Structures are given as C-alpha cells and as structure tokens.
Amino acid sequence: MDRDRRRLSRASLRPAPLLWGTAVAVPLGFLGVFFAWPVAALVVRGFVPDGALDLTGFTDVLSSPRTWRLVGLTLTQAVLGTAFSVLLGLPLAYLLYRRSFPGRGLVRGLVTVPFVLPAVVVGVAFRTLFAPGGTLGFLGLEESLAGIVVALVFFNVSVVVRTVGGLWERLDPRTEQAAASLGAGPARVFRTVTLPSLAPAVASAAAVVFLFCATAFGVVLVLGGVRYGTIETEIWTRTTQFLDLRSASVLSIMQLVVISGALAVSARARRRREAALHLVSARGSARRLSWRSPQDVTVALVGAAIVVGLMVLPMAGLVTRSLREPDGSWGLGNYAALGTTGERNALVVTVWEAAATSLRIALAATVISLVVGGLVALVVSRRPRSAGARRAVSTLDGLFMLPLGVSAVTVGFGFLITMDQPVLGVDLRTSGLLVPVAQAVVAIPLVVRTVLPVLRAIDPRLREVAAVLGSGPGRVLRTVDLPIALRSVGLATGFAFAVSLGEFGATSFLARPDGATLPVVIYRLIGRPGAENYGMALAASVVLAVLTATVMMVAERLRDERAGGEF
Amino acid sequence: MLRLSGAHAGTIQAGTVAGAAAVALLLAGCGGGSGSGDSGSDGSDPAASGTVTLVTHDSWALDEKLVEGFEEESGLTVEVSAAGDAGTLVNQLVLTKDSPLGDAVFGIDNTFASRALEAGVVEEYTPADLPEGAEQLGGALTPIDQGDVCVNADEAWFEKSDLDVPRTLEDLADPEYQDLLVVSNPATSSPGLAFLLATVGAFGENGFEDYWASLADNGVKVADSWEDAYYVDFSGAGEGGERPLVLSYATSPAFTVTEDGTGTTTSALLETCFRQVEYAGVLAGSDNPEGAQALVDFLLSADVQAALPESMYMYPADSSVELPKDWQKFAPQAEAPFEVEPAEVSEHRDEWIERWTETVVG
Amino acid sequence: MAGLEIRDATVRYGVPTGSARSGRSAGVTAVDRVSLTVAPGEVVALLGPSGCGKSSLLRAVAGLEPLAGGSIGYDGEELAGVPVHKRRFGLMFQEGQLFPHRDVRRNVGYGLETQELSRAERDTRVSALLDLVGLAGYERRSVLTLSGGEQQRVALARALAPRPRLLLLDEPLSALDRQLRERLAGEVRAALVETGTTAMFVTHDHTEASAVADRVGVMDRGRLLQVAAPDELRTAPASDRVTEFLGLRGSQSGV
C-alpha cells in the first residue's frame, strides 16, 4: 500500500509548457534582476578590485580567529533562537488555532506585532528592560547571548505560530481521535500523530526563523554590545564603514554557505515528512477552550505566560513610555506631535505622512510578492515525474529562500552598481521606486513558505479527478488549488504586508527623504537628542505596531468571510 | 531618455533595462515619494529642465521652504537622495564613481573626506564667496557646517553625588569616576569614531591605546550606537539610565534645557572634543555641474547657514552667522578641539579601530 | 472497434522520462504488456492483490500515467496524445476526492461546468443524479458533514454527471464497512446499468467484482492472468493463482 501511495502522490498532470514556463520564468527573472545580479556584482567587485582576480581575501579572512568566533556566534544564536521559537511557538499555535475563546483574534494579532517592529526600537525596549536599573535587570541579561536569544524569540515566535497554526487548524481531528481511541494518551497522540503531520509546517517555519536569526542585525548590535557580533554585523561594518569589499565578499560567501546548509537540512527534513494530509474546514477543528480539561488549562496557562512574559512586557514598556510627556506627566502629547516633523524639524515629513507612504509602498510590495511568491509556491508544490525536474523544483524552492539569508547591505550596495543606468530617464537608485521591490524580495520567501505547505498538502487525487472531469491545467488551478490555497493566501498577504511595513535595512538605503517610511522616521527620531523626539519615536512605533496588528486581523477576517461559505 | 545616449550607453544590458523599465512602469503610480519619475514623464533631458540631485546622509533635514525658495530663484528642481550615515554615504559614492548617484553631495565629514578625495568622487569647485575661516579640502570640498563631539555630563547627578564634574580626558580615567562613562563603538558609530580620533589627537598615534586601557580599567561601557548610549545608559536623558557621563555632542545640552528656560541639566566637557566638519561638493561625472555648483553656493548662503543649527544641529561654517539664543547660552563650541589631519585619518582609520577593538573589547 | 482497447500496455515507475540520466534505477514494471478490451456498455472488473498493477493500468487509461509501451485507444481513436481532461472519462477513487471547498451540489456539478449547459439544466442534472445515488435533497450539504458511504455516493454522482464515455473506478468501496460495501456494490451496478455507462472497476474483493462486473480480469504482478465472466472464472480458472484470488483454495495449490 505504501508504495502505491507514494506513486500516486508523485503522479502529476500533463504539464502545460507555456503555463509552467511563465510560472518559472517570471519569478526567476525577478529574483535574477533584483537579487542575484546585485549580490553577485558586489561580491565580484570584492574579488576583482582592479581588473585582476584577487582571492587573498579568503586566506586573510579565513585565517583570522575573529572570523571563526563570529561564525560560531552566528550559528549558536541562530540555533538557540530557532529552537526556542519552535518550542514556545507550538503551544501558542495550539491555543490560538485549535482552541477558541473570546478575544482570540486580538491575541493572534498581538502575537504578530513583534515581528514587524523595527529592530532598533525592539533593541532599545529590551535594553531598557535588561539594563541594571530596568524591570528585568536582576536577570543579568545585559550584553549576553541569552538576552539576544530572548529578543530573537520575541521577533520570530509569530512565524512559528502562524505557519504551524495555519496547518494545524486544518488537520483532520479524527486521526487524533482515532489514535486516542486506540489507547494513546494525549502526549503520545501528539508525538505519534500530530507532530508528524505538522512536520512540514514546523520545518518550514524553522527554516525561515533560522534565516532571520542568522542574519539578525539590529538586535545583535544593540543587545550584544561590542562583544557580540555575527557575520551579518561584520558584513555591514566592512561594507558601509570600511568599504572593505574584499573581506565583505568572503564573509558574504560564508554566510551563503551557512544559509544554504541550513536550507538543505530543512528541505531534507521536510521531504522525509512530506505527505498528503487530509485537510478539513478550519471551522470544524477548533474546539472551545474548556476550563474543565486539565490539558486545556495547562496549554492556556503556558500560552498566557509566553504571551505576557515575552510580548506584553516589552511592548507595555513601549506603550507606557510613549504616553509620558517630556515633563514626566501622562498624556497624548507624543501622539499629537506625530503630525509635526519633530522637535527642531528632525524629519523632512511628518510621521503621518510617513505612515501613508509606508502603506502605499507596502501595498505595492505585497502585490509583487504575492504574484511572484504565489507562482513560486505553485511550481514548487508540484512533484514532476522526472528526477531531474524534481531536483530543479527543489532548487527553485531553495533559491527563493536565499534573500532572507543575504545581508540587506549587500543587496542595497549591489543595486548601486547594477542599476546604474537610468530607465526612462529615472535613476532607479535614487528614485525610491526600488523600495517596494526590495521589500518584496524579502517578503517573497514568507509568501512561499506560507502558501506552499497548504498547496502541497492538497490531495493530488483532487487534481486528478478534476482533470478527468474535463478541466484543463488552468481550470484545475482555478477551481482546486486556488480556492483551497486562498486561506493561506490571506495569511500570506498579511505577512507580506507586515514584513514590508517593518522592513528597514534595504529601505533605509533606497528611500528618499521625502519618501521615508515609518521605520525610517522612527530610526531618525531616535537618532536625535531631545525627550520629545524620543517620545515621538516610541509613539510612532506604537502606531506601526497597531497598524500591523490591524492589517493582520483584517487579512484574517477577510479570509474567513471569503472561504467561510464553502468551507 | 536622453541620458541613455550618454557616456555609458554602450554598456547597457538591454534585457535588464527592459525588465527594470517594466517594474518602473508598474510602480510608477504607487511606489516612491512625491515627484518620483518627474524627470522621465515629460521626456525631456533632466539637465535641460534643470533637475539637480543632492546626495546626502540620513540626517539631512533642511527646511522645505528654504529649498523651495532656492528652486524658485534658480529655476532648478532639487531632488534629495539620502544614502545612510556619513560613512555609508562616502562609501556609496566611491562605489558609484563611474555612474554617480546625483550631481552634488552634502555630508562628507573630515573623517571620511580623504577617502572621497582620493577616489576622485568630487570635482574641483570653489564658491566665489567662501566665508571667512572656512577652509576647503583639496579645492573640491567646501565646509558647510561643523559640530563638536564631546563627553556630556548629567549635572544633577554630580551635584547629588557631591562629586566635581570631570573636565579633561585624563579625568575620565580617574578612579574617582569609575563606572560612570558610556561611549559608542568607533566601528559602528560616527561619534564613536570622532571620540577615538580625539584620543589619538590628544595622546598621539602611539599613546591612545594606553589611554583606552586605563579607561577600560576604569569601567568604561561601550554601546554600539549613539542612541543606545544616550537613551539607555545615560542618566541625564531621563530614561532611567545609570551612567552620568556619555559621549554625545556639544549641542546636546541645548536639548535638556529646563522648563523655565533658565538652565540645562546636562553640560558638555569642552576639553574632550573632536570637531566634525561636514563638506559639500560637486560630484564628478554630474549631468548638471552648473546646477550642482549653484546648490553648493546655496548651502553656503546666509539663509541656510542660519537655519543649520535648528535643522541639522550643527554650527554653521560661516562664523559671522548669529546662533540661536539657547545655543549661545547652553551649547558653546570647544575652543581648542583635538585635531587629526584628514589624510592621517584616511590612512590609519581602519588600523586604529582594530587596535582600539583589541584594547577595549579584547 | 468500439469501446476501450488496451494493447500490450506497459507502465514503469522510476524511469526518468525526458531525462537522459540512465542506469540509476532500472525502474519497476507495474503493468507488463496487458491487453484488454471493454465493449460499450460493459462493466469490467480488474481483480488482484494490492501492488499487482491494476490501479496503474486504470491510471494509464485515464491518462494519469504515461505508457512505457503498447497503446490504449477508445472507439478506434488512439489516446496517446490526448490529455487527461480531453478524454471524456470519469474517475472515482477510494476516498479523499471530494472538493472540500464546494458543497454537494457544486461537487456533482463540477464536470458539467465546462459543458454548455444553463444553470437550470445543470441543477436539474445534479438533482437527478443525487436521486439516482439515493441522496435526493443533499444539494446544499457540506461534503465534510457526510458519512463515508454518502461521500462515495456523491463521488459516483459527480463522475456520472458529465456522461463519461468510460467510467474508471479505483477501489471505490474499499474504505467502507462490509455491509455497506455489499449494498453499495449492488447500487453501483444498478446505476451503471441504468445510465448505460461503460466502466472499468478496480478491486481486491472478488465478491465485489462479481457483483458489479460483466467480466472480471485477474491481475498478478503486472500481468493479466485471465479475463472471463464471474461464473466462468469460478468454474474454469486458468491457473492456481486465479483460484487463489477468487478465494476458492485450489486443492492442488501448494501456496
């Protein structure tokens, strides 16, 4: 039976060359022009400084003990950050997607907020907590690896919650019930039935979180102090401060190696677990939280502890501080000031103008990343018959994850040398037009990772039946894949929007002063002295957080209404 | 479109341009800031229609009205592009030397000036009415403003602790002031680098490491950025920090003026300062060098010079311009800041930072 | 020649098609030179243990697996170049085949949506088919609320709705309990006869095969051992293996 099953799932429909050709060419072209080319150009510039190939950078960088310390720290913090994100994310995913309770939508939105807060704000918020005089000063987390890991988990736990939760709420509960009826206790049911079914989503989320942790920049810089650094921070310093492209190129390649290795491991884990799951309506699977069930009470308490300890505490600090006036009294002064350009005109635009710009750019970035990411997910979800094509598909999958693992600085500086010709009289580098594109490059992997598990979990027999019933490949996509994937597309939209709203690295290089986004103005405000500017920066951060939470909640609501009638 | 027929037309990869053009069209309506694509939509040569692009760092914040006034007067259209911090700005200019990001630059400071001059990113240009005391670099970089990076003290803290406020660099290494100072990392922050240069200026190329070793023994704390040091660690920012001495600017005390406006709660130690000078220039290979020159002149005009303290937190290069009242009162400049020759800085900066890292971080 | 005609059909797995990579895996031959015809209106069952190749043969007929050798034709037309959706066949699986995002009516009507029918005509046809499979009035039900037997009835109605030239049934009743299976086998037979549908029915259950089919083909390890009417198989099995699959232990069989 097993062998039969595998064969069945591998079978695919006869390919429509034009359709699939386009589906592969568009994303590849996009990635090529706006990611691979700039990065390659900058790396090559590092190895060919004066027209002659110079690889001595390798020996210099690789023989330096500092390099290996940075590699070690990068791996350590990324592994720990990923492990704890998964560990804490699973109970939250269960609570928020398998159980229902009043206010669940709000908590779901809240959990996403950290993900999009600018690193500089989060860094300062956590440092304030960890500093000797801070609320958590007694823990001694200042300038420690533990402190960095806590912040990384704060940022990334929502990736796990969302990705795993999205699949979890649609797992057929009857499989678990069957196992339970066979005498398996809750722990055994979880270990033997639930976890293996969730594995693709967990592997998927873990891969994304690992990339985010391994390339974390602002958090490491602020919380790690001078003693902690990663390959990413070193690339930033080498590139922007020293213009030492020789070392930066070597480090970029090392970073790529680390990232590709991690991706390969996760892809292997995912493939081993890949199976067509029986998905059901999300509505039917969530049960009301019951205070009589010890299991529910435990999960609810654990979940509450995580949400309060990890998220509410740092964010509450932010909110309360944003409500404090320069003279120490409480009030909305900082929010009123958002209509201005700050104390002594710290900004070129008001914060509200920046918020409008942010929304406009995020909209464009979301559309781009949904189109490109959707196509990638579609292609990658298929299992072609030939081994060569299967390998090509999984390579494509990995390729589109790479933008998460490459420094925004490398991409930003790469743009400067590759986009050096005006297009229709517009210099793309200084026009601000590249901002949504750069944000989309970062959002695409998230779209792919969100949509892909659901597409892959669609029983291939549905497509086969549809084809036999007279649907060509296009109609199969429209009537089978699309409606089923729609739920995750809603989620992907929210994610893409959120990532775009919060992106700072590439945006800071490419946005014009009059086209500054919220994170950019927050960064500028916090970079100026003056209690009023600091208060405004925090108020603007709260605005960004609320904006993001709202977007995520709306995306989720829209999605429910669209799918609700039929699911 | 005319720009396509310029000097670099031969190197254009047609496919790329087509792809990028498609994206540009796609985004034209929803992407960048206001005015993006203006130069393209009317199909005319940007130089002929008088667009001049100013490349600057992310602290640029000149009043829009001043810029609009300049545009009206000169008939030029000014576009501003911000590249990151001062170091990033210069490095980007060096990287894009063959195809400059704009026509004029503002914000190259004296710690990065030599790198810019050596790479030839700026063209020689000397404004007709260079103010007195303003010294050009290499005949191409014109000073626009300046500011002192100095250690700041939380006056109230010292009063409460019954301790004299330190004055000199040597004082900071005095055990009396143990665990009181926080500075920022010279590898990642521009004031951090300036302060390192102050110590090089004070103790010499061979003596600064010993000084820093004594600072480290005295418990100096190093944050990665100015904002981190100032807002989290400095007690005078009112955010719960615990250290009363912080590396900041001579102008910072003007931001801690008390409600009644009679005093300030912090002060700058004027014997610990390094002077940062910011320059402007015409970018080599500019499409509109005349416009760029006009822009440099504009930055030196009395109106802009007078507006600099309020908008950029810097002292104007033109010493004849009157300073705001609270600056006169609370933010005096250092009389004899430490100095290091720009050429020296350019040659040794990376090495000094590495030596500093070894001494302080280990 | 009318109806389905399978000539020396061979299906292999694990051989990369379109790639020159060779010698890496020789592949498994799932169907080995099988020839079979199904006349219009006839119901033929393929009987055999799991892994014998019967499902692969059925999938090859549907166009879901490519042939490594031989040919398949319908009403004299060679099917090699005809894509799945243009064959005008019907297909029904054991389970997991209903579209979860469509209600019963829109599941059954799925195959009609590509035909030029008015909405009213479509609804009428859907209702008639639901009536045929004993689910009258189920139009608005969510497929997720249906029992296993009801789901298979909906799947059968859906497969029959576009009036397929040939209906392919892959173990359609195997996921159901025995009682239900026996009752449904009779109903499927009735539905096929009533609609005059030509059908190929894959099963591992010989009673089911006998109940549904006019003729039964016995398969083992990719080969077709014998094709005959159920009674004839019983009275004159061609070999011990056939006897074994029919559940009539041969006296001389040593297996």
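About the cut-offs
- Residues numbered from 1 in each chain as written.
- Chains lettered and ligands numbered in written order.
- Predicted model: local features only at pLDDT ≥ 70, side-chain atom pairs only at ≥ 80, totals over all residues.
- Heavy atoms only, no water.
- UniProt positions renumbered as here; feature names shortened; annotations may be inferred.
- Buried < 20%, exposed > 50% of the residue type's maximum accessible area, 1.4 Å probe, protein only.
- Helix = DSSP H or I, 4+ residues; strand = E, 2+ residues; numbered from the N terminus.
- Pairing = 2+ DSSP bridges.
- Right-handed = clockwise from strand over helix to strand, strands pointing away.
- Salt bridge = Lys/Arg side-chain N within 4 Å of Asp/Glu carboxyl O.
- Disulfide = S-S within 2.5 Å.
- Patch = residues over 30% accessible without salt bridge, like charges linked within 9 Å, V, L, I, M, F, W, Y side chains within 5 Å.
- Areas by Shrake-Rupley, 256 points an atom, 1.4 Å probe, with all protein chains shown as cover.
- Axes fitted to C-alpha atoms, helices over the stretch in contact; angles between N-to-C directions.
- Left-handed = near helix turned anticlockwise from the far one by under 90°.
- Contact = heavy atoms within 4.5 Å.
- Lys, Arg positive; Asp, Glu negative; His and termini not counted.
- Charge placed at Lys NZ, Arg CZ, Asp CG, Glu CD.
- Phe/Tyr/Trp six-rings, centres within 6.5 Å; stacked < 30°, edge-to-face > 60°.
- Domains from an automatic or database assignment.
- Buried area = accessible area lost by both parts, 1.4 Å probe.
- Polar contact = N/O pair within 3.5 Å; in protein donor to acceptor, adjacent residues only side chain to side chain.
- Nonpolar A, V, L, I, M, F, W, Y, C, P; charged D, E, K, R; others polar.

An unreviewed UniProt entry annotates chain B as Thiamine transport system substrate-binding protein of Promicromonospora iranensis.

The name that an unreviewed UniProt entry assigns to chain A is Thiamine transport system permease protein, with the source organism given as Promicromonospora iranensis. Regarding chain A, the relevant UniProt record gives this comment under Sequence similarities (unreviewed entry): "Belongs to the binding-protein-dependent transport system permease family."

Caption draft 1: View of the pairing of strand β7 (residues 166-170) of chain C. Residues and elements named next belong to chain C. Most of β7 is tucked away: five of the five residues are buried. Burial of β7 is two-sided: the residues Leu166, Leu168 and Asp170 facing one way and the residues Leu167 and Leu169 facing the other way are all buried. In this sheet, β7 lies alongside strand β6 (residues 89-92) in parallel orientation, the contact comprising four bridges. The residue of β7 that forms the bridge with Gly90 is Leu167. Bridge count for β7 against strand β8 (residues 199-203) is four bridges, and the pairing is parallel. Residue Leu167 lies in a different strand from β8, and its bridge partner there is Ala199. Viewed along the sheet, the connection from β7 through helix α5 (residues 178-195) into β8 turns out right-handed.

Caption draft 2: Structural detail: unusual backbone geometry. Residues and elements named next belong to chain C. Positive phi values are uncommon outside glycine, yet Asp8 reaches one of about 50°. With respect to the element layout, Asp8 can be found in strand β1 (residues 4-13). At Glu171, a residue that is not glycine, the phi angle is positive and equals roughly 50°.

Caption draft 3: Local environment of the pattern of salt bridges. Scanning the model with the defined rule gives 37 salt bridges over all chains in all. C:Arg105 serves as the salt-bridge partner of C:Asp123, at 3.8 Å between the closest nitrogen and oxygen. Placement of C:Asp123 in helix α3 (residues 119-132) and of C:Arg105 in helix α2 (residues 104-108) is noted, with a sequence separation of 18 residues between them. Given the relative accessible area of 14%, C:Arg105 is considered buried. Here C:Arg241 and C:Asp220 are joined by a salt bridge, their closest N and O atoms 2.8 Å apart. Taken together, the positions of C:Arg241 in helix α8 (residues 240-245) and C:Asp220 in strand β9 (residues 215-220) put the pair 21 residues apart, joining distant regions of the chain. Judged by its relative accessible area of 9%, C:Asp220 falls in the buried class. Three or more residues joined by partner-sharing salt bridges are found here, namely A:Arg66, A:Glu234, A:Arg238, A:Asp244 and B:Glu354.

Caption draft 4: Quick peek at the state of the cysteines. All names here are of chain B. Evaluated as defined, the whole model comprises one disulfide over all chains. Two residues share a disulfide in this structure: Cys150 and Cys273, whose sulfurs sit 2.0 Å from each other. Between Cys150 and Cys273, the S-S dihedral sits near 110°, and the bridge is therefore right-handed. Within this pair, whereas Cys150 is found in strand β5 (residues 142-154), its partner Cys273 is found in the loop between β9 (266-268) and β10 (274-283), the two being separated by 123 residues in sequence. The class of Cys273 is buried, set by a relative accessible area of 0%.

Caption draft 5: Representation of a nonpolar patch on the surface. A cluster of nonpolar side chains, contributed by A:Leu80, A:Phe84 and A:Leu87, occupies part of the molecular surface with about 270 Å² of accessible area. Secondary-structure assignment places A:Leu80 in helix α4 (residues 65-97).

Caption draft 6: The arrangement of the packing of helix α10 (residues 208-217) of chain B against helix α15 (residues 342-360) of chain B in detail. Residue and element names in this part refer to chain B. Where α10 meets α15, the closest approach of the two axes is 9 Å, and the angle between their N-to-C directions is 35°. You can see that α10 and α15 cross each other, and the crossing is right-handed. Of the residues in α15, those touching α10 at Phe208, Glu209, Trp212 and Ala213 are Trp352, Arg355, Trp356, Thr359 and Val360.

Caption draft 7: Structural view of the environment of B:Ser59. Structurally, B:Ser59 can be placed in the loop between β1 (51-56) and α4 (64-74). Overall, the relative accessible area of 31% leaves B:Ser59 in the partly exposed class. C-alpha of B:Ser59 to C-alpha of B:Gly107: the two residues are 48 residues apart in sequence and 8.7 Å apart in space. Beyond its immediate chain neighbours, meaning those up to four positions away, B:Ser59 contacts A:Arg528 and B:Met312.

Caption draft 8: Quick look at a negative patch on the surface. Side chains of B:Asp63, B:Glu64, B:Glu68, B:Glu72, B:Glu73 and B:Asp303 sit close together on the surface and give a patch of like negative charge. Tracing the backbone shows B:Glu73 in helix α4.

Caption draft 9: A look at the sheet that holds strand β5 (residues 77-78) of chain C. All names here are of chain C. Strand order across the open sheet formed by four strands is β2-β1-β4-β5, with antiparallel pairing between neighbours. The sheet is open, and its two borders are formed by β2 (28-38) and β5, each paired with just one other strand. Across seven bridges, the pairing between β1 and β2 is antiparallel. Looking across to β2, one finds that Glu5 is bridged to Thr37.

Caption draft 10: Just the packing of aromatic side chains, in detail. Residue and element names in this part refer to chain B. Considering all chains together, one arrives at 27 aromatic pairs over all chains under this definition. Geometrically, the ring pair formed by Phe195 and Trp212 is edge-to-face, given 5.7 Å between the ring centres and 80° between the ring planes. Of this pair, Phe195 sits in helix α9 (residues 190-203) while Trp212 is found in helix α10, placing the two residues 17 residues apart along the sequence. Residue classification places Phe195 among the buried positions, given a relative accessible area of 0%.

Caption draft 11: Local environment of the domain arrangement of chain B. Residue and element names in this part refer to chain B. For chain B, the domain assignment lists domain 1 (17-146 + 276-322) and domain 2 (147-274 + 332-361). Taken over C-alpha atoms, the centre of domain 1 sits 30 Å from the centre of domain 2. In this complex, domain 1 contributes twelve residues to the contact, which on the side of domain 2 involves 20 residues. Between domain 1 and domain 2, roughly 1400 Å² of surface is buried when both sides are summed, and carbon and sulfur atoms account for 52% of that area. Where domain 1 touches domain 2, the interface holds zero salt bridges. On the surface where domain 1 and domain 2 come into contact, there are eight residue pairs in polar contact (both at pLDDT 80 or more). The greatest single-element share of the side of domain 1 that touches domain 2, amounting to three residues, is contributed by helix α6 (residues 113-119). Residue classes in the side of domain 1 that touches domain 2 are distributed as five nonpolar, five polar and two charged.

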